Amino acid sequence: GSIFKMPKRGFPTPLSAWLRGPLSAWLRERLCGPQSRLTRIFAAGYAQRAVEAYLGSWRRHVRPLDEIATHRIWMLLCLESWLRQTEEHYGIVLSIDQ
C-alpha cells in the first residue's frame, strides 16, 4: 500500500568510497595509464593531476563538495570509456592535436 504512494527518489551509491578505496588503482590505471584514451584529448598530465587531486582531496570530508568532485571524476571515466569503445568497436580514433 503506502510504499506505492511515496514520491519518486534516487538512491545513493558509495561511489566515492569505492573510487578512493578498492577501485583507486583501477581509477588511476583507467584514467592515467598507458592505455587511457584521455591522453589524446587532454594536455599531458591533466588526468594524473585530476585523479591525484580527487584521491587526496579534503573535500571528501564535506559530502556536498565531494559529490561534485566525484561526479567530475565519474564524467572522466565515462568519457574515457566512450573513447575506448568508439575505437574498439568502430575503429574511430578521436584525438585533438596539441
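Computed from a prediction, not measured in an experiment: that's the story for all the values here.

## Considering the overall build of the protein chain
At step 1: Per the secondary structure count, the protein chain includes four helices and zero strands.
At step 2: Tracing the protein chain from N to C terminus, the helices and strands come up as α-α-α-α.
At step 3: For 98 residues, the compact-globule estimate of 2.2 N^0.38 gives 13 Å, and the protein chain exceeds it by more than 25% at 17 Å.
At step 4: With the principal axes as the frame, the protein chain shows a C-alpha extent of 55 × 35 × 25 Å.
At step 5: By the burial criterion, 29% of the 98 residues in the protein chain qualify as buried.
At step 6: Of the contacts formed within the protein chain by residues at least 6 apart in sequence, a portion of 71% connects residues at least 24 apart.

## Some points on the packing of helix 2 (residues 24-32) against helix 3 (residues 46-55)
At step 1: Interaxial distance between helix 2 and helix 3 falls to 9 Å at its minimum, and their mutual angle equals 160°. Looking at the two axes, helix 2 sits roughly antiparallel to helix 3. Considering how the two elements wind past one another, helix 2 and helix 3 form a crossing that is right-handed. In contact with S24, L27, R28, L31 and C32 of helix 2, helix 3 contributes A47, Q48, V51, E52, Y54 and L55.

## A closer look at helix 3
Side chains three or four residues apart in an α-helix point the same way, a direct result of the helix having 3.6 residues per turn.
At step 1: Of all the positions in helix 3, only A47, A50, V51, Y54 and L55 are classed as buried. All buried residues of helix 3 lie within an arc of 125° about the axis, which places them on one face of the element.
At step 2: Those residues of helix 3 that are buried lie in contact with helix 1 (15-20), helix 2 and helix 4 (63-90).

The rules behind the values
- Residues numbered from 1 in each chain as written.
- Predicted model: local features only at pLDDT ≥ 70, side-chain atom pairs only at ≥ 80, totals over all residues.
- Heavy atoms only, no water.
- Helix = DSSP H or I, 4+ residues; strand = E, 2+ residues; numbered from the N terminus.
- Rg over C-alpha atoms; globule rule 2.2 N^0.38 Å.
- Buried < 20%, exposed > 50% of the residue type's maximum accessible area, 1.4 Å probe, protein only.
- Contact = heavy atoms within 4.5 Å.
- Axes fitted to C-alpha atoms, helices over the stretch in contact; angles between N-to-C directions.
- Parallel < 35°, antiparallel > 145°, perpendicular 65-115°, else oblique.
- Left-handed = near helix turned anticlockwise from the far one by under 90°.
- Arc of directions from axis to C-beta.

That is the geometry; function is a separate question.
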